[in-house]
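Chains, contacts and geometry: an overview
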Amino acid sequence: MNAREAARSIQLEASKPDHSVVLRAAAGSGKTTALVNRFLRLCLEQTTARAHPGTILAVTFTRKAAVEIQDRLLRRARELALA
């Protein structure tokens, strides 16, 4: 397994709604992608971990990071709604 495949595997594992996770990694490593995927899975998948969007809390260190997560989440939700 190459580095890209290993990173993708870790991202998929982190997005599983039935796991508690803390993400810590270098810039550009896919943390935001993993978080957005996790939020969507928490809201959409029929699991015991299913959550209402208003009950999800994410903590970031900067407003810029929070805005980036929100923008990506809204864009992905629109894409899913239109699919």
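Residues numbered from 1 in each chain as written. Predicted model: local features only at pLDDT ≥ 70, side-chain atom pairs only at ≥ 80, totals over all residues. Heavy atoms only, no water.

1. Side note on the overall build of the protein
A count of helical and extended segments in the protein gives three helices and zero strands. Mapped in sequence order, the helices and strands of the protein form the string α-α-α. Its C-alpha atoms give the protein a radius of gyration of 13 Å, near enough to 12 Å, the size a compact globule of 83 residues would have. Along the three orthogonal principal directions, the C-alpha set of the protein runs to about 35 × 30 × 25 Å. Here the protein, with 83 residues, has 17% of them falling under the buried criterion. The contacts of the protein with a sequence gap of at least 6 include a subset with a gap of at least 24, amounting to 44%. Counting only carbon and sulfur atoms, one obtains 57% of the accessible surface of the protein, whose full area is about 6600 Å². In the protein, 14 side chains carry a positive charge and 7 a negative one; their mean positions are 5 Å apart. (Helix = DSSP H or I, 4+ residues; strand = E, 2+ residues; numbered from the N terminus. Rg over C-alpha atoms; globule rule 2.2 N^0.38 Å. Buried < 20%, exposed > 50% of the residue type's maximum accessible area, 1.4 Å probe, protein only. Contact = heavy atoms within 4.5 Å. Areas by Shrake-Rupley, 256 points an atom, 1.4 Å probe, with all protein chains shown as cover. Lys, Arg positive; Asp, Glu negative; His and termini not counted. Charge placed at Lys NZ, Arg CZ, Asp CG, Glu CD.)

2. Points about the environment of Ala27
Mapped onto the elements of the fold, Ala27 is located in the loop between helix H1 (3–14) and helix H2 (31–44). With relative accessibility at 77%, the residue Ala27 sits in the exposed group. For the pair Ala27 and Ser9, spaced 18 residues apart in sequence, the C-alpha to C-alpha distance is 18 Å.

3. Some points on the confidence of the model for the protein
With 100% of its residues at a pLDDT of 70 or more, the protein shows a mean pLDDT of 85. Least confident of the elements in the protein is H1, whose mean pLDDT is 81; most confident is helix H3 (residues 63–82), at 92. (pLDDT = per-residue confidence, 0-100.)

4. Description of the environment of Arg72
Mapped onto the elements of the fold, Arg72 is located in helix H3. Once the C-alpha coordinates of Arg72 and Val36 are considered, the two residues, 36 residues apart in sequence, prove to be 6.9 Å apart. Apart from the residues lying within four places of it in its own chain, the contact partners of Arg72 are Thr32, Thr33 and Val36.

5. Notes on the side chain of Arg38
Tracing the backbone through its elements, the reader meets Arg38 in helix H2. Assessed through its relative accessible area of 12%, Arg38 is described here as buried. Those residues in contact with Arg38 that lie beyond four places of it in its chain are Ala14, Ser15, Lys16, Pro17, His19, Ser20 and Val21.

6. Some details on the packing of H2 against H3
The description of two helices packed together rests on the angle between their axes and the distance between the axes. Interaxial distance between H2 and H3 falls to 10 Å at its minimum, and their mutual angle equals 50°. In terms of orientation, H2 lies oblique with respect to H3. In this structure, H2 meets H3 at a crossing whose hand is right-handed. In this structure, H2 contributes Thr32, Thr33, Leu35, Val36, Phe39, Leu40 and Leu44 to the contact, and H3 contributes Glu68, Ile69, Arg72, Leu73, Arg76, Ala77 and Leu80. Split by residue class, the contact of H2 with H3 holds nine nonpolar, two polar and three charged. (Axes fitted to C-alpha atoms, helices over the stretch in contact; angles between N-to-C directions. Parallel < 35°, antiparallel > 145°, perpendicular 65-115°, else oblique. Left-handed = near helix turned anticlockwise from the far one by under 90°. Nonpolar A, V, L, I, M, F, W, Y, C, P; charged D, E, K, R; others polar.)

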